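An overview of the molecular structure
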Amino acid sequence: MIVLGVESSCDETGLALYDTQRGLLSHALHSQVAMHEEYGGVVPELASRDHIRRAIPLLEETLSRANVAMADIDAIAYTQGPGLAGALLVGSSIACSLALALDKPVLGVHHLEGHLLSPLLASDPPQFPFIALLVSGGHTQLMRVDGVGQYTLLGETLDDAAGEAFDKSAKLLGLGYPGGPAISRLAEFGDPLAYKLPRPMLHSKDFNFSFSGLKTAVLTVVKNHDEKVIANICEQDKANIARGFVDAIVDVLTAKCISVLRHTGLKRLVIAGGVGANAQLRASLNAAASAKKFRVFYPELEFCTDNGAMIAFAGAMRLQINPDAAKRDYSFNV
Ligand code: KG4
Ligand code: ZN
């Protein structure tokens, strides 16, 4: 069975073809980062219009890379949400129109399920059950995963998501959008002893997170700075603040993963979502894994952030469990 996946929830247009027998056949992606950069964040109206421009050429690219004809597609999966309403509407209307024209069934996929299952696309995928840390721009969750569709939420952020904290702190330091990769790169040059920022909820007995206080701590450091104005903070000091922020957030994420593994007795940890691309987080989790004797699995770097492959894959997994999950009902909702 060949499933076409369509992702358009935010600022990436992603198309992919997944074959339940042969695996991922092809995928194509367009990132709108350059377009939104000058506004310091995603402009929803521009995002929707760009998805419209990109989707069909990306579909053609995906089909030709896989040498698959439109008629060979068995079902179409699209990101149903959560995401920007206009952006989601573009992907869902394209998916449903194609399905109607081809007389194929269609199914809506939860964006987070796409992220959650993306590490299973890797060459050495984890077996169920595992603990998943889902760290994206909008969500931070710890979950127990017993199989496709069998998810138990164990903890989540009470305020900002990890990616949001990265982006907002980067903005306070005058770094561009998206802030996560930028603050992470800058942190590599920072002195770890210069700023010791708070590690919110590090010792709480639950598996929840809170990152808004950390962002406020960055703001306080910036405001208290001698020069008062971020533009005047020297590059080294910016790097020191970035390092203080990254060390704090990575410490909390690592500690909560260790504690949830200890609590459940599971030995497999899966990282998903955009922040899963973070080099410092990966280094910290890898060190914890060898010290505490658990295994940690990541998606391929290109599948950490939004992409069509994870949607095609999640759709295919859903259909394997329940072939009726896709329907010839083209009255989509997002
Ligand atoms: O999963 P994703 O692409 O989109 C959502 O579903 O939200 O995640 C985007 C988030 C952004 O906040 C971005 O700054 C963050 O992931 N991110 C990173 C890195 N790459 C992306 N954060 C830290 N380090 C990175 N290397
Ligand atoms: Zn995402």
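What you see is a predicted model, and the numbers here were worked out from it, not measured in a lab.

1. A word on the overall build of the protein
Of regular secondary structure, the protein possesses ten helices and ten strands. The C-alpha atoms of the protein give 20 Å as radius of gyration, which agrees with the globular expectation for 334 residues (20 Å, within 12%). The buried share among the 334 residues of the protein stands at 51%. For the protein, the proportion of contacts with a sequence separation of at least 24, taken over those separated by at least 6, is 74%.

2. Regarding the sheet that holds strand β8 (residues 150-156)
Strand order across the open sheet formed by five strands is β8-β7-β6-β9-β10, with mixed pairing between neighbours. Two strands close off the open sheet at either side, each with one partner strand: β8 and β10 (295-297). The mean inter-strand angle of the sheet, taken between neighbouring strand axes irrespective of direction, is 25°. By the bridge criterion, three bridges tie strand β9 (residues 268-272) to β10 in an arrangement that is parallel. The residue of β10 that forms the bridge with Val 270 is Phe 297.

3. Concerning the site of ligand 1
Around ligand 1 sit 20 residues, and of these Gly 137, Gly 163, Gly 180, Gly 274 and Asn 278 come closest. At four residues, the largest contribution of residues to the shell around ligand 1 is made by helix α6 (residues 179-187). Considering only residue class, the shell around ligand 1 consists of six nonpolar, twelve polar and two charged. When residues of the shell around ligand 1 are assigned to domains, at least three fall in each of domain 1 (2-117 + 304-325) and domain 2 (126-298).

4. Let's talk about the domain arrangement of the protein
Here the protein is partitioned into domain 1 (2-117 + 304-325) and domain 2 (126-298). Distance from the C-alpha centre of domain 1 to the C-alpha centre of domain 2: 28 Å. Opposite the 15 residues of domain 1 that make contact, domain 2 presents 17 residues. Elements that contribute at least two residues to the side of domain 1 that touches domain 2 include exactly α1 (33-37), α4 (111-117) and α10 (308-321). At four residues, α4 tops the list of elements feeding residues into the side of domain 1 that touches domain 2. Looking at the side of domain 1 that touches domain 2 residue by residue, the classes come out as eight nonpolar, five polar and two charged.

5. Some points on the UniProt feature "binding site: Fe cation" (unreviewed entry) in the protein
Mapped onto the present numbering, the UniProt feature "binding site: Fe cation" (unreviewed entry) falls on His 111, His 115 and Asp 306. The greatest C-alpha distance among the residues just named is 8.8 Å, despite their covering 196 residues of sequence, which places them together in space. Note on placement: His 115 falls in helix α4. Residue His 115 is classed as buried on the basis of its 29 C-beta neighbours within 10 Å. Once residues within four sequence positions are removed from consideration, His 115 is found in contact with Leu 134, Ser 136, Ala 272, Gly 273 and Met 310. Along the chain, Asp 306 falls in the loop between β10 and α10. A count of 27 C-beta atoms within 10 Å places Asp 306 in the buried class. Those residues within four positions of Asp 306 in sequence are excluded, and the remaining contacts are Glu 7, Ser 9, Cys 10, Glu 12 and Gly 14.

6. A few points about helix α5 (residues 162-172)
Summarising burial for α5: nine of the eleven residues are buried, a large majority. Buried residues of α5: Ala 162, Gly 163, Glu 164, Ala 165, Phe 166, Asp 167, Ser 169, Ala 170 and Leu 172, and no others. Among the structural elements, β6 (130-135), β7 (140-147), α6, α7 (212-224) and α8 (235-264) are those in contact with the buried residues of α5. Just past α5, the residue Gly 174 takes up positive phi, approximately 75°.

7. Digging into the UniProt feature "binding site: substrate" (unreviewed entry) in the protein
The positions UniProt marks with the feature "binding site: substrate" (unreviewed entry) are Leu 134, Val 135, Ser 136, Gly 137, Gly 138, Asp 167, Gly 180 and Asn 278. Leave out the neighbours within four places in its chain, and Val 135 touches Thr 140, Ala 162, Gly 163, Leu 253, Gly 273, Val 275 and Gly 276. Within the secondary structure, Gly 180 is located in helix α6. Using a count of 25 C-beta atoms within 10 Å as the deciding quantity, one classes Gly 180 as buried.

8. Regarding the nonpolar core
In this structure, Ile 249, Ala 312 and Phe 313 are the most contacted members of the largest nonpolar core, which totals 104 residues. A per-element tally of this core places α8 first, with 13 residues. In terms of domain composition, this core takes at least three residues from each of domain 1 (2-117 + 304-325) and domain 2 (126-298). Each residue touching Ile 249, except ones within four places of it in the same chain, is listed here: Ala 162, Ala 165, Phe 211 and Leu 214.

Analysis parameters
- Residues numbered from 1 in each chain as written.
- Chains lettered and ligands numbered in written order.
- Predicted model: local features only at pLDDT ≥ 70, side-chain atom pairs only at ≥ 80, totals over all residues.
- Helix = DSSP H or I, 4+ residues; strand = E, 2+ residues; numbered from the N terminus.
- Rg over C-alpha atoms; globule rule 2.2 N^0.38 Å.
- Buried ≥ 20, exposed ≤ 12 C-beta atoms within 10 Å, placed from the backbone.
- Contact = placed C-beta atoms within 7 Å.
- Pairing = 2+ DSSP bridges.
- Axes fitted to C-alpha atoms, helices over the stretch in contact; angles between N-to-C directions.
- Near = placed C-beta within 6 Å.
- Nonpolar A, V, L, I, M, F, W, Y, C, P; charged D, E, K, R; others polar.
- Domains from an automatic or database assignment.
- UniProt positions renumbered as here; feature names shortened; annotations may be inferred.
- Core = buried A, V, L, I, M, F, W, Y, C linked by C-beta atoms within 7 Å.

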